[in-house]
Amino acid sequence: MKKNLNKTKIKEKNNNKIDDKVDNKSFKGFIVFAIVVFLFFFSIYISNNNFRKFVDTNILRKVVKEEKLKEIYESVSTQNTFLSNKFIHILDSGEIKNYDRNGNLISTNILSIGSAVSDNKEDYMILGEKGGRRIFLFERGKLKWERELDVNISNVYINKNGKISVIGNSSMYNSVIVLVDENGNQYLKKYLRTKYAGKAQISEDNKFLVLALIDYAKIQISSEIEIIDIDKAVKDESGAIVKTYTKDKLILDIETINGEETLVRYIDEIYLIDKNEEKKVHDIAPKTMFVNININDGFVEVSEVKSNILAQTYVLKIYDKYGSESGTLMLDDEMPKNMITHRTNILIETPKTITIASDMGWLKKKYSSKRNFLDVKVSEGLIAIIYSDKVSLISL
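Nothing here was measured: the structure is a model prediction, and the numbers come from that model.

Criteria and thresholds
Residues numbered from 1 in each chain as written. Predicted model: local features only at pLDDT ≥ 70, side-chain atom pairs only at ≥ 80, totals over all residues. Heavy atoms only, no water. Phe/Tyr/Trp six-rings, centres within 6.5 Å; stacked < 30°, edge-to-face > 60°. Helix = DSSP H or I, 4+ residues; strand = E, 2+ residues; numbered from the N terminus. Buried < 20%, exposed > 50% of the residue type's maximum accessible area, 1.4 Å probe, protein only. Lys NZ or Arg CZ within 6 Å of the ring centre and 35° of its normal. Pairing = 2+ DSSP bridges. Axes fitted to C-alpha atoms, helices over the stretch in contact; angles between N-to-C directions.

Q: So what's going on with the packing of aromatic side chains? Which residues, and what values?
A: On inspection of all chains with the given rule, the structure shows five aromatic pairs. When the centroid spacing of 4.7 Å and the interplanar angle of 40° are considered together, the rings of Tyr-173 and Tyr-191 count as tilted. Highlighted residues: Tyr-173 in the loop between strand 12 (164–169) and strand 13 (175–180) and Tyr-191 in strand 14 (residues 186–192), separated in sequence by 18 residues. Judged by relative accessible area, Tyr-191 falls into the partly exposed class, the value being 39%. Ring geometry for Tyr-196 and Tyr-216: centres 5.6 Å apart, planes at 65°, overall edge-to-face. With Tyr-196 in strand 15 (residues 196–202) and Tyr-216 in the loop between strand 16 (208–215) and strand 17 (222–229), this residue pair connects regions lying 20 residues apart in the sequence. What makes Tyr-196 partly exposed here is its relative accessible area of 36%. For Tyr-216, a relative accessible area of 48% puts it in the partly exposed group. Here the guanidinium or amino end of Lys-247 rests over the ring plane of Tyr-271, the centre of that ring lying 4.3 Å away.

Now the structure itself:
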């Protein structure tokens, strides 16, 4: 009797083990099937613009409406609203109010200046008194320090480490470039008597200063790029220029990529340069509407694509720093009025919509407004849509 019972128990255990094995195989099979299905649809999502647009709009719900956003009701304008990563700063009536990305007021500072220029990278924002002499550094949304320079400020730039380059002028010089560190200490000045500085950027490794210079004295406008070794220039300015590139055409923008490379945009072409050589990486076609080199390791353009005789469509194309196409996004039929870029964020504006794309050409979000907005500002983590009576905020 006991033997029979033991045999029955053993048989039951074996059956349970078989059932467990079957269940495990079924579960593993389901997982494999789910992964295959996911990869199939993901490959279509990546490769097919129309399918991706359908999924973004109807499944992932990336369309954002005005009434769903956080808002700040203040006296705002394009000139008095600034961003730093996930913070927004509104300058008005002798003070600056600092808000987080949810629209909560976190601090207020006395700042009796008129119009200002600014730049932001990651945790830092530099604010300069346009035509005046004061600069203000904000870190993680709060005022860190204020300094007064001996030049009249025309523009300011900052890198991700908080190193600041200021372009100013004086009675004796067309342009003066002043470098200031993250603690407010001036550590380099460069004076230009005959040329004008269009832009001045410090590389991300803090080693080089890259200048876009314009010479209006010649019959034909001449542009020049200077790459300066900062450590050498601090000790002795002579011999600190490691490379100069000159062209008889107007330079529109420069963007340092890393310690060695810089993208340079002229009217009709884009170059990649370093301290050893320059290389043309892109010709700007006649039907190109907007071009911007202020994204991570590359550049973007919006151009018109004729779909038929009666209608035009528009496409966003993303390129790496070598000029190879790395992503595309088909836009709506409504003509874009502007493109703004910042690091990994690309914004395409029409009068009542904003398309927000990544630097891979994927739709992040699309904003739809019931009325026209005045302007849009963007940082790494925040978008501010400016109306006449309020600011609407989109977190990224």
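So much for the structure itself; the text now carries on.
Q: Give me the lowdown on the sheet that holds strand 32 (residues 382–386), citing residues and values where you can.
A: Each strand in a sheet pairs with its neighbour through backbone hydrogen bonds, running either in the same direction (parallel) or in the opposite one (antiparallel). Ordered in space as 2-33-32-31, the four strands form an open sheet in which the pairing is antiparallel. The strands lining the two open edges of the sheet, one partner per strand, are strand 2 (70–72) and strand 31 (375–378). Recorded for the sheet is a direction-independent mean angle of 25° between the axes of neighbouring strands. Note that strand 32 and strand 33 (residues 391–395) share five bridges and pair antiparallel. Its bridge partner lying in strand 33, Ala-384 is registered against Leu-393.

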